Amino acid sequence: MMLNFFDQFMSPVLLGIPLIALALLLPWILFPNPAARWINNRLITLQGWSISQTTHQLFTPLNQGGHKWATLLISLMIFLISLNLLGLLPYTFTPTTQLSLNMAFAVPLWLATVIVGLRNQPTIALGHLLPEGTPLPLIPVLIIIETISLFIRPLALGVRLTANLTAGHLLIQLIATAVFVLLPLMPTVAILTASVLFLLTLLEVAVAMIQAYVFILLLSLYLQENV
Amino acid sequence: MGFPLLFQPAQFNQDSCCCTKYLYGPFVHSNFSQVALRGFQTGAVSRDIDTAAKFIGAGAATVGVAGSGAGIGTVFGSLIIGYARPSTINPSLKQQLFSYAILGFALSEAMGLFCLMVAFLILFAM
């Protein structure tokens with residue numbers, strides 16, 4: 001029975017066609033493009049306003065070189081938010097539960113920030129490995145620790161997103177199974193558990209958006225150090 | 001040989017055939033010599049020492065999630081204290097504070113979930 005709960009994370013294949021490609025393309029059709037008009041309709045205006053608010057909030061601390069990354073990072077954030085939220089619908093596959101996908105997002109982007117830093121300002125980029133004001137005997141240890149911390153970053157980015165979404169989906173399935181099994185036996189306990197399920201679903205909606213936002217926020221922070 | 005008779009995956013798991021490959025793992029090398037003695041196999045999984053050790057390990061590893069709880073509580077407690085201060089200088093500081101609180105929540109949650117993931121790894125992969 002335990003293994004049944006992990007079946008929801010298996011990459012679905014129908015007649016030999018990997019359906020994850022379809023799942024990844026779905027957010028593209030959900031966000032309309034601005035039409036060639038002076039003022040667009042309400043939906044596109046709202047969409048544009050919210051995207052520009054988020055962009056302003058994320059990219060104000062960065063300098064001019066960092067603003068070049070805005071298109072990439074904001075579009076990635078919209079992609080991740082829509083993938084996460086769509087996955088909360090029943091019987092929907094969430095591609096971001098696959099570690100391979102999240103590492104494929106995290107590693108190249110993190111590596112790009114490191115390489116940009118080392119190319120353009122190598123001294124400052126290497127200087128980040130030593131916090132200011134450390135006592136002299138601690139310097140070798142701290143450099144080793146900071147290097148390890150640097151290399152853990154892509155791993156943490158990818159695994160954070162995967163683990164949050166996987167754990168959330170698993171919890172929802174477990175508690176829903178508990179409600180379903182308890183309903184004929186102890187209806188009162190089942191109703192209490194159903195309210196827990198409702199609160200958990202609200203939390204999962206929040207976590208879906210927060211985790212995508214944090215992914216991009218951390219990437220922008222790593223970029224801020226290096227650009 | 002006698003395997004199709006004695007190891008019937010249909011008894012254990014009716015829904016998805018993809019899981020049966022996990023069943024043959026603990027059976028083939030541990031109960032190989034006891035094929036003639038065991039009368040039924042569906043209870044044998046939980047009696048297998050290997051599986052029991054995995055359960056114990058997974059349960060022990062889940063204790064680490066408590067650190068995440070402490071961390072998240074600290075973050076939001078500090079947020080409440082920060083909100084309660086008279087912020088005469090800049091009202092937009094509240095927005096910044098909240099944004100950092102959300103970042104802290106996500107990072108702390110990630111640590112707790114790393115721990116939970118190790119628990120699942122012990123339970124299913126090792």
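Residues numbered from 1 in each chain as written. Chains lettered and ligands numbered in written order. Predicted model: local features only at pLDDT ≥ 70, side-chain atom pairs only at ≥ 80, totals over all residues. Heavy atoms only, no water.

Naming follows an unreviewed UniProt entry, where chain B appears as ATP synthase lipid-binding protein of Esox lucius. Listed under Subcellular location (unreviewed entry) in UniProt, the entry text for chain B is "Mitochondrion membrane". Chain B has a UniProt comment under Sequence similarities (unreviewed entry) that states "Belongs to the ATPase C chain family." (UniProt positions renumbered as here; feature names shortened; annotations may be inferred.)

Going by what an unreviewed UniProt entry lists, chain A is known as ATP synthase subunit a and is assigned to Esox lucius. Quoted verbatim from the Sequence similarities (unreviewed entry) heading of the UniProt record, the comment on chain A is "Belongs to the ATPase A chain family." Comment text from UniProt for chain A, heading Catalytic activity (unreviewed entry), reads "H(+)(in) = H(+)(out)".

**Student:** Describe the UniProt feature "transmembrane region" (unreviewed entry) in chain B, and please don't skip the residues or the numbers.
**Tutor:** Residue and element names in this part refer to chain B. Here the UniProt feature "transmembrane region" (unreviewed entry) sits at residues 55-81 and 101-125. This span, residues 55-81, is 89% helix and 0% strand, and a straight line between its end C-alpha atoms measures 41 Å. For the annotated span residues 101-125, helix accounts for 96% and strand for 0% of the residues, and the straight-line distance between the end C-alpha atoms is 35 Å. (Helix = DSSP H or I, 4+ residues; strand = E, 2+ residues; numbered from the N terminus.)

**Student:** Any chance you could break down the UniProt feature "transmembrane region" (unreviewed entry) in chain A for me, citing the residues and the numbers?
**Tutor:** In the numbering adopted here, UniProt assigns the feature "transmembrane region" (unreviewed entry) to residues 12-31, 69-89, 101-118, 138-159, 171-199 and 205-223 of chain A. For residues 101-118 of chain A, the end-to-end C-alpha separation is 26 Å, with 100% helix and 0% strand making up the annotated structure.

**Student:** Outline the pattern of salt bridges, supporting the account with residue identities and numerical values.
**Tutor:** All names here are of chain A. Tallying each qualifying case throughout the model produces 1 salt bridge over all chains. We note a salt bridge from Glu 225 to Arg 153, for which the minimum N-O separation is 3.4 Å. Of this pair, Glu 225 sits in helix 8 (residues 187-226) while Arg 153 sits in helix 7 (residues 139-185); the two residues are 72 residues apart in sequence, bridging distant segments of the chain. The exposure class assigned to Glu 225 is partly exposed, which follows from its relative accessible area of 27%. (Salt bridge = Lys/Arg side-chain N within 4 Å of Asp/Glu carboxyl O. Buried < 20%, exposed > 50% of the residue type's maximum accessible area, 1.4 Å probe, protein only.)

**Student:** Please give an account of the side chain of His169(A) that cites residues and values.
**Tutor:** All names here are of chain A. The topology assignment puts His 169 in helix 7. Residue classification places His 169 among the buried residues on the basis of a relative accessible area of 9%. Those residues within four positions of His 169 in sequence are excluded, and the remaining contacts are Gln 8, Phe 9, Gly 87, Leu 88 and Thr 94. (Contact = heavy atoms within 4.5 Å.)

**Student:** Lay out the environment of Gln224(A) in plain terms, naming residues and giving numbers.
**Tutor:** Residue and element names in this part refer to chain A. Structurally, Gln 224 is set in helix 8. Remark: the alpha-carbon pair of Gln 224 and Gln 53, spanning 171 residues in sequence, is separated by 19 Å. Residues in contact with Gln 224, not counting those within four places in the same chain, are Pro 61 and Leu 62.

**Student:** Which residues make up the packing of helix 7 of chain A against helix 7 (residues 93-124) of chain B, and what values go with them?
**Tutor:** Following both chains from N to C, one finds helix 7 of chain A and helix 7 of chain B inclined at 70 degrees, their axes separated by 8 Å at the closest point. Judged on the interaxial angle alone, helix 7 of chain B and helix 7 of chain A are roughly perpendicular. Here helix 7 of chain A contributes Ala156(A), Val159(A), Arg160(A), Ala163(A), Asn164(A), Ala167(A) and Leu170(A) to the contact with helix 7 of chain B, which in turn contributes Ala106(B), Leu107(B), Glu109(B), Ala110(B), Leu113(B), Phe114(B), Leu116(B), Met117(B) and Phe120(B). (Axes fitted to C-alpha atoms, helices over the stretch in contact; angles between N-to-C directions. Parallel < 35°, antiparallel > 145°, perpendicular 65-115°, else oblique.)

**Student:** I'd love a proper account of the interface of chain B and chain A, names of residues and values included.
**Tutor:** Contact residues are listed per partner, giving 23 residues for chain B and 22 residues for chain A. When the buried area of chain B at its contact with chain A is split by residue, Leu103(B), Leu113(B) and Phe124(B) rank highest and sum to 24% of it. Our count for the contact surface shared by chain B and chain A stands at 0 salt bridges. Linking chain B with chain A are 1 residue pair in polar contact (both at pLDDT 80 or more), by the criterion used here. Top contributing element to the side of chain B that touches chain A by residue count: helix 7 of chain B, with 16 residues. (Buried area = accessible area lost by both parts, 1.4 Å probe. Polar contact = N/O pair within 3.5 Å; in protein donor to acceptor, adjacent residues only side chain to side chain.)

**Student:** Would you mind going over the nonpolar core in detail, with residue names and values included?
**Tutor:** As a rule of thumb, nonpolar side chains are buried together in soluble globular proteins. Of all hydrophobic cores here, the largest spans 36 residues; its most connected members are Leu58(A) and Phe215(A). Among the secondary structure elements, those contributing two or more residues to this core are helix 2 (42-59), helix 4 (70-86), helix 5 (99-120), helix 7 and helix 8 of chain A together with helix 7 of chain B. With 12 residues, helix 8 of chain A is the largest single contributor of residues to this core. Setting aside its immediate chain neighbours within four residues, Leu58(A) contacts Ile74(A), Met77(A), Tyr213(A), Ile216(A), Leu217(A) and Ser220(A). Within the second largest apolar cluster, 5 residues are counted, among which are Ile172(A), Ile175(A), Leu197(A) and Leu200(A). (Core = buried A, V, L, I, M, F, W, Y, C linked by side-chain atoms within 4.5 Å.)

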